[in-house]
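Summary of the model geometry
What follows is each chain in one-letter form.
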Amino acid sequence: MGVEDFRLKPARTRIAPSPTGRFHLGNARNALFDYLLARKTGGQFILRFEDTDRNRYVPGSEEEIARVLDWMGITPDESPFHGGQYGPYRQTERRDIYHQHAQILVDKGHAYPCFCSPERLEKMRKEQEAQKLDRVQYDGLCRKIDPDDAARRVANGESHVIRFKMPKEGTTTAHDHLRGDILTENKYMDDYVLLRSNGLPTYHLGAMVDDHEMKITHVLRSAEWLPTFPLHVQIVRAFGWDEPVWVHLSVFLKPSGKGKMSKRDSAAAMKDGYSIFLDDLRSLGYIPEGVLNWIALMGWGVAEDELMTLDQMLERFSIDTLTPSPAAINFQKLDHFNGAHIRLLAIEDLAGRIKPYFTGAGLEVQNDALLKITPLIRERLVTLDDCLAFASFFFKDEVKPNPEDLIAQGLDVRQSAEIAKKVYEILSSLPDISHQIVEPPLRSYVESSGLSANQVFGILRVAVTGQKVSPPLFESMEIIGREKVLQRLKMAIELLEKI
RNA sequence: GCCCCCAUCGUCUAGUGGACUAGGACGCAGCCCUUUCAAGGCUACGACCGGGGUUCGAAUCCCCGUGGGGGCACCA
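Residues numbered from 1 in each chain as written. Chains lettered and ligands numbered in written order. Predicted model: local features only at pLDDT ≥ 70, side-chain atom pairs only at ≥ 80, totals over all residues. Heavy atoms only, no water.

1. Some details on the overall build of chain A
When you go through chain A residue by residue, the secondary structure sums to 20 helices and 11 strands. Since a compact globule built from 499 residues should have a radius of gyration of about 23 Å, the 32 Å found for chain A marks it as more spread out than a globular shape. Dimensions of chain A, computed from C-alpha atoms along their principal axes, come out at roughly 105 × 55 × 35 Å. In chain A, buried positions account for 49% of the 499 residues. A separation of at least 24 residues holds for 74% of the contacts in chain A among residues at least 6 apart in sequence. (Helix = DSSP H or I, 4+ residues; strand = E, 2+ residues; numbered from the N terminus. Rg over C-alpha atoms; globule rule 2.2 N^0.38 Å. Buried < 20%, exposed > 50% of the residue type's maximum accessible area, 1.4 Å probe, protein only. Contact = heavy atoms within 4.5 Å.)

2. Thoughts on the pairing of strand β6 (residues 180–185)
Sheet topology places strand β5 (residues 171–176) next to β6; six bridges connect them, and they run antiparallel. For T173, the partnering residue across the bridge sits in β6 and is L183. Linking β5 back to β6 in an antiparallel pair, the connection comprises three residues. (Pairing = 2+ DSSP bridges.)

3. Some details on the confidence of the model for chain A
Of the residues in chain A, 99% reach a pLDDT of 70 or more, and the chain-wide mean stands at 94. Of the two predicted TM-score estimates for the complex, the pTM is 0.95 and the ipTM is 0.96. (pLDDT = per-residue confidence, 0-100.)

4. Here's the deal with the side chain of N186
Of note, N186 is situated in the loop between β6 and β7 (193–195). For N186, the side chain forms a polar contact with the side chain of T172, separated by 2.5 Å. The contact partners of N186, leaving out residues within four places of it in the chain, are M166, P167, K168, E169, G170, T171, T172 and Q234. (Polar contact = N/O pair within 3.5 Å; in protein donor to acceptor, adjacent residues only side chain to side chain.)

5. Things to note about the sheet that holds β7
In space, the three strands of this open sheet follow the order β3-β4-β7, with antiparallel pairing throughout. Each edge of the sheet is formed by a strand with only one pairing partner; in this case those strands are β3 (111–114) and β7. With direction set aside, neighbouring strand axes in the sheet form an average angle of 45°. The sheet contacts of helix α3 (residues 95–107) involve β3, β4 (161–164) and β7, and relative to β7 the element is tilted by about 130°. (Axes fitted to C-alpha atoms, helices over the stretch in contact; angles between N-to-C directions.)

6. Quick look at the protein's contact with RNA strand B
In the vicinity of RNA strand B, 59 residues are found, and the nearest of them are T52, R196, L297, R380 and R461. Each atom of RNA strand B within 4 Å of the protein was assigned to sugar, phosphate or base; sugar and phosphate come to 70%. D53 is positioned with one of its side-chain polar atoms (N or O) 2.8 Å from a sugar or linking oxygen of RNA strand B. For the surface near RNA strand B, the per-class residue count stands at 27 nonpolar, 13 polar and 19 charged. (Near = heavy atom within 4 Å. Nonpolar A, V, L, I, M, F, W, Y, C, P; charged D, E, K, R; others polar.)

7. Re the pattern of salt bridges
A complete count under the given rule lists 32 salt bridges for this structure. Measuring nitrogen to oxygen at the nearest pair gives 3.3 Å for the salt bridge that ties K126 to E122. Here K126 and its partner E122 are both found in helix α4 (residues 118–130), four residues apart, which amounts to about one turn of the helix. As a salt-bridge pair, D176 and R179 come within 3.1 Å of each other at their nearest N and O atoms. Because the salt bridges share partners, they merge into one network encompassing R14, R48, E50, R94, D210 and D211. (Salt bridge = Lys/Arg side-chain N within 4 Å of Asp/Glu carboxyl O.)

8. So, the packing of helix α1 (residues 25–41) against helix α10 (residues 288–296)
Remark: α1 packs on α10, axes separated minimally by 10 Å, with the N-to-C direction vectors making an angle of 85°. Taken together, the axes of α1 and α10 are roughly perpendicular relative to one another. Facing α1, whose interface residues are L25, A28, R29, L32 and F33, α10 presents L292, W294, I295 and A296. Considered class by class, the residues forming the contact of α1 with α10 number eight nonpolar, no polar and one charged. (Parallel < 35°, antiparallel > 145°, perpendicular 65-115°, else oblique.)

The following block contains the structure:
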């Protein structure tokens, strides 16, 4: 690879998904940019699971995330599966660390125990809403408790959470790399919960602590975090730590541009053969090169030469050229890039990737034939599974054309049958069925007969391939072989005569 | 309702005060190539949200609108 840019300090980046659902486009783009930045600077890309919400935990999602990253070719340098010197990389395995850090904040006077019950909070919120208050936030009841009293109650085992003591006055200036300074009046910020009553941290504490402990230099995350950005900056400052470079990535909008892409829309996308989930995209026949290129261009401004491999992206990537505005996803563009990257693959490579689709369909695949077929269909594939529609007939013993399709345009059944017979006559008289041998006599037949190439070759195509649309006819026949071609042609003549 | 972010072709974007007759890509339309379908090549259509400033000069800077998006949990 050797794209490390040593003018830049090695960056440590991370993707921190929660194993509560499936790995989607947003996650993938985040991971891609993380990876590019880390590689570009000779740093590390880390995978960490923020699995503190036990209620929403989905078994198997951790594995899916790791598998998808692998598939995309952006395997993390450190993760729960690969290890690393800053682990553990699962938040549920870091309880003590959060506990200690919450205590540090309490000791410093930046946080306090809150003993309010969920019921009281619920009631409080209802009342605030009833009063039509602009801000619905914690009323600060436990803020007033004497620290010694609070410590005693905690020691007695009283159920509590730890809240951040947000400054009530002044403004917080948070710096986003793409948007510049973002000023927020502190009165709009709540005393957020840092540590829950079950001892596990919320995102606000967990992510800040882990990013610091894991020496993350650049935090690339979704713009959905912007509203709590001031909080995060306040937490980091309360600890007295240096801030990472914050980069809030644009959110993905649904194709219509109306609203954020969500699970609901994924069902609709699936109906059209698309998905927002990477693992689905893989099984739908999309290749990582295409997917990567596609997502890279949403939220990253590349003026020209947009068709890029991962290595080419690496050469050009910079967080300075990322864009802050929301981006509507466009599946047609995914198709474009997927097809374009398929065309870029070496024949052997592509053959290896489409083979499983044939065998999966129960077809017996001969490798030498596959290698000859692949170049014929390469520029016709949008997704890998398209190979089935284009080339299954090569591996079948016989094809079953729709009799109607055997009738050439502008001709009737009888005429079509005559043509088929004549073509059979010509082919069977030839010693060989290679492209060079077959084409001249057929061409001269077309010319002398006054028919169009379209009509003659159309009949032959349907007869031999069983379909109206196929890879180039002569090359296809050569691969299928003389015997099978004649056999299929004969079958076609019989079909025509039966109409 | 309140807070925050964003604003160039239908979509993704280039553009950082004059080189803009606003560039590229996807899609769309047409043509060429052609045994089908593709691929490829060429051409067309297509945008600076509005109003005020600043300036000799604004897509580019500032303000106000408007529109879009996000967020208001012991979820992330």
